[in-house]
Structure formats: C-alpha cells, structure tokens
Amino acid sequence: MQPAATARSWSSPPQATEASPYAMPSPVQPASAKGTKETVKNALSRWGRKVGEATRKAEDLSRNTWQHLRTAPSIGEAAVGRIAQGTKVLAEGGRERIFRQAFSAPPDEQLRKSYACYLSSAAGPVMGVLYLSTARVAFCSDSPLSYEAGGGDRTEWSYYKVAIPLHRLRMASASTSKLKPAEKFIQLVSVDKHEFWFMGFVNYDSAVAHLQEALSGFRNLQA
C-alpha cells in the first residue's frame, strides 16, 4: 500500500521509539527577519560578483578570439588552422608531447603553459603556439612555411621556430596599440638585444602574467 501523497502536520516532532529507532528530533532555531534578509543579501551579492566576473572573462575571451582570427591574412584560413591544430594536439597526445618533439626537450624540462598566438615576422604574422617551460620560452608555427633554397632554384619547407633560454631573456613586456586598443602585444628581448613581438593571443592576460612571473622567478633563483 502506497503512502498518501498529501502533506501531513505533526502535533509533535518524531521521537526515537522501539518501533522506529531511526527517527530523531532536529529542532529549528527561530531566525530573525533581519538576519535572514542579510543572509539573502550577502548571498545575492556574492552570486552577482561571480556572474559579473564570469561575464567579463567570457567577453575578454570573445574579443581576444576574434582579434586572434583577424590577425591572420585570412579569417577563414585562421579558423581552419586553429581547428587543425586542435586536432593535432588530440592526435599526438597533448601540448607537452608536441613541445618535446619540436624542441627535443630533456626529461627534466617541464612545460608550464602554452598559448595560441602569432609571431611578427618580415613576411607577416606567423600563426603558431608560444610555449613556456621551466627552462625557456619557445615558439613553433602551426604549419611549415616555404622559403627559397639553393640560390632560389628550389622551394623548401620548414617550421618557424624560436627558442630563448630563460637565462638569456632580459625582458617580457606588454603593450597595446594606441590606434587600435584591441591589438595587444608581448615583446620579448634577449640579453643580446634580439627582439620578438607576439600578438593575437587568445589568453593575453594569462600569457603576460605567466611570462613575467617566470622571468622574475628565474632571476630570484639566480640571485
């Protein structure tokens, strides 16, 4: 026989008895109206801040992603390239494995972060990934680039790679275009004054923070 699906009021709270040793009273302390209002107000305030922060991050990600695609000569090619890179990451077992293969990283070198971006070059922006490891900052293009070899007699293909050991990195600075504030850059300068400009980051703020943190941490260790 199924229990009745109607609300029931009790003349007194259920007590543990020999027939039902599992029932136990749990008195509820009366709460003041003021205390209840403050609790609700604080909960809504915390929720509002979390929603606002999540909204801001989503807007930043959307703007950065759009800027990332616009940095390439062709938005369509950039979108296809990003999809292809994502497929490659899945097929080859993750970013760290790709990093180790691309730069012959020793076992004691660990990858900390990786960021989709572009490297500025004389031929235009090169789409690729910036890697930050425990030993260096490195960049590798997503796909091979063509160049003339043998005095221009033939065309060959090669990945565009840059690798700066942390002990050779003098500066990692952030900058923004005055004419186009959506265009943000990271400049890396080596101790022998070689400059590299990166742009079109999907996660720009994170890249700046972790690069500067890595540089500062390495200097502290050296000191």
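Note that the structure is a prediction, hence the values are computed from the model and not measured. (Residues numbered from 1 in each chain as written. Predicted model: local features only at pLDDT ≥ 70, side-chain atom pairs only at ≥ 80, totals over all residues. Heavy atoms only, no water.)

Draft legend 1. Layout of the nonpolar core. Residues Leu188 and Phe201 are the most contacted members of the largest nonpolar core, which totals 23 residues. Within the residue set of this core, elements represented by two or more residues are strand 1 (111-119), strand 2 (126-133), strand 3 (136-141), strand 6 (161-165), strand 7 (169-176), strand 8 (184-190) and helix 4 (204-222). In terms of residues, this core owes the most to one element, helix 4, which gives six residues. In this structure, Phe99, Phe103, Leu111 and Tyr131 belong to the second largest nonpolar core, which totals ten residues. (Core = buried A, V, L, I, M, F, W, Y, C linked by side-chain atoms within 4.5 Å. Buried < 20%, exposed > 50% of the residue type's maximum accessible area, 1.4 Å probe, protein only. Helix = DSSP H or I, 4+ residues; strand = E, 2+ residues; numbered from the N terminus.)

Draft legend 2. Representation of the environment of Ala172. Looking at where Ala172 falls in the secondary structure, it is placed in strand 7. Under the relative-accessibility criterion, Ala172 is labelled buried at 11%. For the pair Ala172 and Val208, spaced 36 residues apart in sequence, the C-alpha to C-alpha distance is 7.7 Å. Residues contacting Ala172, with those up to four places away along its chain left out, are Gln187, Leu188, Leu211, Gln212 and Leu215. (Contact = heavy atoms within 4.5 Å.)

Draft legend 3. The arrangement of unusual backbone geometry in detail. Positioned with a positive phi, Ser104 is a non-glycine residue whose angle comes to about 50°. Phi at Lys193 takes a positive value of approximately 70°, unusual for a residue other than glycine. Inspection of the secondary structure assignment puts Lys193 in the loop between strand 8 and strand 9 (195-199).

Draft legend 4. Summary view of the packing of aromatic side chains. Taken as a whole, this structure holds seven aromatic pairs when the rule is applied. Between Phe103 and Tyr131 the ring centres are 6.1 Å apart and the planes differ by 70°, which places this aromatic pair in the edge-to-face class. Of this pair, Phe103 sits in helix 3 (residues 95-103) while Tyr131 sits in strand 2; the two residues are 28 residues apart in sequence, bridging distant segments of the chain. Tyr131 carries the same exposure label as Phe103, and that label is buried. (Phe/Tyr/Trp six-rings, centres within 6.5 Å; stacked < 30°, edge-to-face > 60°.)

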